[in-house]
Amino acid sequence: MEEQRGMAAADLACINALAKAELTAEQVYVFELRLCDNEVDRDFERFDNEALERLGELFVGKSGIFDHQWSARGQTARIFRTEVVREPAVRTQAGDGYRWLKGWAYLLRTEENAGLIAEIEGGIKKEVSVGCSAGRSVCSVCGAEDGDCGHVPGQTYDGGVCFRELKDIRDAYEWSFVAVPAQRAAGVLKRFGQEREGDRTLRKEAELGRKYLQALRREVVRLAMLADDGLDGGVFARAAERMEEPELLELRRAYEARAAKRFPAPVQLRRRDAGKAEDAEAFLV
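Figured I'd write up the structure that's included with this text. (Residues numbered from 1 in each chain as written. Predicted model: local features only at pLDDT ≥ 70, side-chain atom pairs only at ≥ 80, totals over all residues. Heavy atoms only, no water.)

**Observations concerning the environment of F236**
Basically, it comes down to this: Strands here are runs of E lasting at least two residues and helices are runs of H or I lasting at least four, both read from the DSSP assignment and numbered beginning at the N terminus. Should any heavy atoms of two residues lie within 4.5 Å, those residues are counted as being in contact.
Tracing the backbone through its elements, the reader meets F236 in helix 5 (residues 233-240). Along the backbone, F236 and V221 are 15 residues apart, and their C-alpha atoms lie at a distance of 6.9 Å. Leave out the neighbours within four places in its chain, and F236 touches V220, V221, A224, L231, L251 and Y255.

**Observations concerning the nonpolar core**
Stated formally: In this description, a nonpolar core means a group of buried Ala, Val, Leu, Ile, Met, Phe, Trp, Tyr and Cys residues linked to one another through side-chain atoms lying within 4.5 Å. Partly exposed residues are those whose accessible area sits between 20% and 50% of the maximum for their type, while under 20% is buried and over 50% is exposed, using a 1.4 Å probe and protein chains only.
Counting 27 residues, the largest nonpolar core has F31, L35, F47, F59 and W175 as its most contacted members. Put simply, the parts of the chain that give this core at least two residues each are strand 1 (28-37), helix 2 (49-59), strand 4 (77-91), strand 5 (97-108), helix 3 (114-121), strand 6 (128-139) and strand 9 (164-177). L216, A224, A227 and L248 belong to the second-largest nonpolar core, a separate cluster that totals twelve residues.

**Brief notes about the pairing of strand 9**
Counted only if it meets this: Two strands are counted as paired when DSSP detects at least two bridges linking them.
Buried residues dominate strand 9, accounting for ten of its 14 residues. Of the pairings in the sheet, the one linking strand 2 (residues 45-47) to strand 9 comprises three bridges and is parallel in character. Looking at strand 9, one finds that F47 is bridged to L166. Sheet topology places strand 3 (residues 63-66) next to strand 9; three bridges connect them, and they run parallel. Bridge pairing in strand 9 places I65 opposite S176. Pairing of strand 6 with strand 9, which is carried by eleven bridges, proceeds in the antiparallel orientation. Residue pairing for strand 9: S137 is matched across the bridge by L166.

**Description of the environment of G147**
Position of G147 relative to the elements: it lies in the loop between strand 6 and strand 7 (156-157). A relative accessible area of 38% means that G147 is categorised as partly exposed. For the pair G147 and S137, spaced ten residues apart in sequence, the C-alpha separation works out to 7.5 Å. Look past the residues within four positions of G147 in its chain and what remains in contact with it is S137 and R164.

**A few points about unusual backbone geometry**
As a rule of thumb, non-glycine residues mostly have phi less than zero, and peptide bonds are mostly trans rather than cis. Backbone geometry places F44, a non-glycine residue, at a positive phi of 60 degrees. Look at F44 and you get buried, because its relative accessible area is 16%. Phi at D158 takes a positive value of approximately 55 degrees, unusual for a residue other than glycine. Secondary-structure assignment places D158 in the loop between strand 7 and strand 8 (160-161). Residue classification places D158 among the exposed residues on the basis of a relative accessible area of 86%.

**So, the pattern of salt bridges**
Put simply, the test is: Salt bridge, as used here: a side-chain nitrogen of Lys or Arg that lies within 4 Å of a carboxyl oxygen of Asp or Glu.
Following the criterion strictly, the structure yields 13 salt bridges and no others. One salt bridge in this structure joins R262 and D229, with 2.8 Å as the shortest N-O distance. Here D229 lies in the loop between helix 4 (197-227) and helix 5 and R262 lies in helix 6 (residues 245-262), a separation of 33 residues in the sequence. Residue class for D229 comes out exposed when judged on its relative accessible area of 62%. Residue R253 pairs with E250 through a salt bridge whose shortest N-O separation is 2.6 Å. Linking R253 with E250, this pair stays in helix 6, spanning three residues, or about one helical turn. Under the relative-accessibility criterion, R253 is labelled partly exposed at 48%. Here the salt bridges share partners, and the residues they tie into one network are R46, D48, D96, E165 and K167.

**Some thoughts on the side chain of R164**
Note the threshold: Think of it this way: Lys and Arg go in the positive column, Asp and Glu in the negative one, and His and the chain ends go nowhere.
Within the secondary structure layout, R164 lies in strand 9. Summary of buried charges: R164 has no salt-bridge partner, and the nearest side chain of opposite charge, E45, is 7.0 Å away.

**A word on the packing of aromatic side chains**
Put simply, the rule is: Pairing of aromatic side chains requires ring centres within 6.5 Å, counting the rings of Phe and Tyr and the six-membered ring of Trp. Pairs whose planes differ by under 30 degrees are stacked, by over 60 edge-to-face, and all others tilted. Criterion for a charge above a ring: Lys NZ or Arg CZ within 6 Å of the ring centre, and within 35 degrees of the ring normal.
Inspection of every chain in the model, using the stated rule, returns six aromatic pairs. A ring pair is formed by F31 and W175, whose centres lie 6.4 Å apart and whose planes are at 70 degrees; its orientation type is edge-to-face. Residue F31 is found in strand 1, and its partner W175 is found in strand 9; the two are separated by 144 residues along the sequence. Across the pair, W175 and F31 agree in class, each one buried. Of the aromatic side chains, those joined through ring pairs into one cluster are Y29, F31, W175 and F177. When the ring centre of W100 is taken as reference, the NZ or CZ atom of R34 above it lies at 3.9 Å.

Next up, the structure:
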């Protein structure tokens, strides 16, 4: 308990370093964010490890807004602390250890913010995206900078998907609540403090949902390979990772039909003379 109070006091000190008036713990609402990581995103870009460290420094004090609309009226929360989290057991598409930038943000517990706090608590306002400036963009295939080559992000070359690695971060502008972030994992992690029963239930349901989508994606890839011999399984599997349930269900239906035409189910017929004891278990297929 003493350690928990000390941690809260340290966080409050960081918050008050950004605030004009002295704030109490009762006046602020604090939540955690997964801002960005070093995985290849939907735009076939990724931050290198040095970029994550630099972004961690630059995002302290930056405001959160909505849909990257730069307006003072849209300012909702502010980041007061960051940390680069390392998960070396998890490998990225580029083959190195997974890292992600964690942020702690606060907003005031006012009547105006009550609705936003409720949406964060309920998982409605969850996904986030970051706005920043990078000095260099390097091709993963040949190392050329700023697109000065013929390699197209998202295309496969020698068994690997081309992407751009963002380096030399110059500035971090803001972070936004968005509907669909470029980085798949970016978003609100959980409310700061002790996890409640409702939070645990939501977390379990989210994990079940992820497992369901993973199984559905594997099934769609399997059916696609059965239906089309010329399909590149690796490319299709990576494409399926960007699809959500409606697209996957439609593809599963289509590929099931095509696979059934290529490999019709065998019909088993009992021999007409199966009345004989020696042929009682014989079948024609």
